[in-house]
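If you want the building blocks of each chain, they are given just below.
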Amino acid sequence: TRSFTDPSVSMDLLRAVLQPSINEEIRGIFNKYMKFFQTAAINVRDNVGEEVDPEQLIQETCRSCLEQAKLLFSDGKKVVPRLPHEQAVPKRARQMDEELSRRGSPIPKKRKGRPPGQSLSNDRGVSGMAAWKLKVSEPVKRDGPKWDPSRLTETTTFVLGSRANKALGMGGTRGRLYIKHPHLFKYAADPQDKHWLTEQQHMRAIGGKMAYLLIEEDIRDLAASEDYRDSVDLRLEELKPFIPPAWMTEKMQKHMETLRRGGEVPPPEDPPE
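For the protein chain, an unreviewed UniProt entry supplies the name Deoxynucleotidyltransferase terminal-interacting protein 1 and the organism Notiomystis cincta. Quoted straight from UniProt, the Subcellular location (unreviewed entry) entry for the protein chain says "Nucleus". Listed under Function (unreviewed entry) in UniProt, the entry text for the protein chain is "Increases DNTT terminal deoxynucleotidyltransferase activity (in vitro). Also acts as a transcriptional regulator, binding to the consensus sequence 5'-GNTGCATG-3' following an AT-tract. Associates with RAB20 promoter and positively regulates its transcription. Binds DNA and nucleosomes; may recruit HDAC1 complexes to nucleosomes or naked DNA."

Okay, here's the thing in structure tokens:
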């Protein structure tokens, strides 16, 4: 049993009282830089392919920022491990980083480029996303009637994720819809599914790239919401819905059930060409 006169106990009690306020201020800081993370994550997805999850990239980057911020309070004995790509940084760069850490300044005072507060509304993939806020450690809710596998029947219509992006006025930017609406059910087509989709001319052969299927009803519900219904960019004729075969619907039911129970389904791997 530790006494409340123990300095560490006393300080931790104070920390616990202040922690909610500290968390709120930290969230505000991350929101300030979120537009940069969003733009970068979407660019990564555009360059690498739809197997990249921008939301996950943003969460990992924010966690890494918090880990590296610990260096500001290092006593010289406990060193925060660096990421693999940071270990190869030239000696001069490491010295500069350590010097900035000692001064308590995480970034140089003079920096080229646009300041964090400057609007990036004209940048690709950012317009309309300023309202997206970082939810620290907040899981995506996968419950309610929209996550009931029984709603997927042999007559349920689906749309391609790329078409849903265009229909809601997000252009051809892959992944933007999934960042803005992470609660949506999406199914990553496997090679067998892609073969059927290509044969039925619902999509072109895309090699190793990912193809997501979304429920048409979910997209139309979004289109009717306050965020989209008055948009001049709404193009619902782009949806081109279709009914998949029963065997594909059954796979999507299992996928939904797995996600609803908190499990994670790894993305399908295409065989080598």
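> Even after reading the chapter, I still don't get the overall build of the protein chain, so can you show me in this structure?
The helix and strand tally for the protein chain stands at 9 helices and 3 strands. Scanning the protein chain from its N terminus toward the C terminus, one meets helices and strands in the order α-α-α-α-β-α-α-β-α-β-α-α. Within the protein chain, buried positions represent 32% of all 273 residues. At a minimum sequence separation of 6, the contacts of the protein chain that also span at least 24 residues come to 74%. Surface summary for the protein chain: the accessible area is close to 17,700 Å², and the carbon and sulfur share equals 54%.

> I keep staring at the side chain of D190 and nothing clicks. Help me out?
The residue D190 is located in the loop between β2 (186–188) and α7 (191–199) in this model. Separated by 3.1 Å, the side chain of D190 and the backbone nitrogen of Q192 make a polar contact.

> Would you mind going over the sheet that holds β2 with me for this structure?
The strands making up a sheet associate through backbone hydrogen bonding, with each pair oriented either parallel or antiparallel. Reading across from one edge, β1-β3-β2 is the order of the 3 strands in this open sheet, with antiparallel pairing throughout. The open sheet terminates on both sides in strands that have one partner only, identified here as β1 (158–160) and β2. Each neighbouring strand pair of the sheet contributes to a mean axis angle of 35°, computed without reference to strand direction. Where β1 and strand β3 (residues 212–215) come together, 3 bridges link them in antiparallel fashion. Directly across from F158, in β3, lies its bridge partner I215. Strands in contact with helix α9 (residues 246–260) are β1, β2 and β3; relative to β2, the strand with the most contacts, it is inclined by about 115°.

> Help me understand the packing of α7 against α9 in this model?
In the contact formed by α7 and α9, the axes pass within 11 Å of each other and the chain directions differ by 140°. When the axes of α7 and α9 are compared, the pair comes out oblique. You can see that α7 and α9 cross each other, and the crossing is left-handed. From α7, Q192, D193 and W196 reach across to α9, where they touch W247, M248 and K251.

> Any chance you could explain helix α8 (residues 216–223) here in plain terms?
Each α-helix winds once per 3.6 residues, and so residues spaced three or four apart point in a common direction. Listed in full, the buried residues belonging to α8 are E216, D218, I219, L222 and A223. Relative to the axis of α8, the buried residues are bounded by an arc of 165° and lie together on one face. Where α8 is buried, its residues contact β1, α5 (161–167), α6 (176–180) and β3.

> Sorry if this is basic, but what is going on with the packing of helix α1 (residues 7–48) against helix α2 (residues 54–69) here?
When two helices pack together, their arrangement is given by the angle between the helix axes and by the axis-to-axis distance. Contact geometry for α1 and α2: axes closest at 9 Å, N-to-C directions at 135°. Here α1 lies oblique to α2, going by the angle between them. In terms of crossing hand, the pair formed by α1 and α2 is right-handed. Where α1 approaches α2, its residues I26, F30, M34, F37, Q38, A41, V44 and R45 are matched on the opposing element by P54, L57, I58, T61, C62, C65 and L66. Considered class by class, the residues forming the contact of α1 with α2 number 12 nonpolar, 2 polar and 1 charged.

> Explanation requested: the pattern of salt bridges in the structure shown.
Opposite charge on two side chains permits pairing when their charged atoms draw close. Evaluated as defined, the whole model comprises 14 salt bridges. Linking E217 and R151 is a salt bridge whose minimum nitrogen-to-oxygen distance equals 3.0 Å. On the criterion of sequence distance, the pair formed by E217 in helix α8 and R151 in the loop between α4 (91–103) and β1 is long-range, its members being 66 residues apart. Between R260 and E257 there is a salt bridge, with its nearest N and O atoms 3.0 Å apart. Taken together, the positions of R260 and E257, both in helix α9 and 3 residues apart, correspond to about one turn of that helix. For R260, a relative accessible area of 35% translates into the label partly exposed.

> Could you clarify how one ought to interpret the environment of L222 in this entry?
Counting through the fold element by element, L222 comes out in helix α8. Here L222 falls in the buried class, since its relative accessible area comes to 9%. In the structure, L222 is positioned 41 residues away from H181 in sequence and 9.4 Å away in space, judged by C-alpha atoms. Setting aside residues up to four positions removed in sequence, L222 forms contacts with L168, L177, H181, L184 and Y228.

> Please explain unusual backbone geometry as it appears in this structure.
Glycine aside, residues mostly have negative phi, and peptide bonds are mostly found in the trans state. Positive phi, close to 60°, is recorded for Q201, a residue that is not glycine. Along the polypeptide, Q201 turns up in the loop between α7 and β3. Phi at K240 takes a positive value of approximately 50°, unusual for a residue other than glycine. Residue class for K240 comes out partly exposed when judged on its relative accessible area of 48%.

How each quantity is defined
- Residues numbered from 1 in each chain as written.
- Predicted model: local features only at pLDDT ≥ 70, side-chain atom pairs only at ≥ 80, totals over all residues.
- Heavy atoms only, no water.
- UniProt positions renumbered as here; feature names shortened; annotations may be inferred.
- Helix = DSSP H or I, 4+ residues; strand = E, 2+ residues; numbered from the N terminus.
- Buried < 20%, exposed > 50% of the residue type's maximum accessible area, 1.4 Å probe, protein only.
- Contact = heavy atoms within 4.5 Å.
- Areas by Shrake-Rupley, 256 points an atom, 1.4 Å probe, with all protein chains shown as cover.
- Polar contact = N/O pair within 3.5 Å; in protein donor to acceptor, adjacent residues only side chain to side chain.
- Pairing = 2+ DSSP bridges.
- Axes fitted to C-alpha atoms, helices over the stretch in contact; angles between N-to-C directions.
- Parallel < 35°, antiparallel > 145°, perpendicular 65-115°, else oblique.
- Left-handed = near helix turned anticlockwise from the far one by under 90°.
- Arc of directions from axis to C-beta.
- Nonpolar A, V, L, I, M, F, W, Y, C, P; charged D, E, K, R; others polar.
- Salt bridge = Lys/Arg side-chain N within 4 Å of Asp/Glu carboxyl O.

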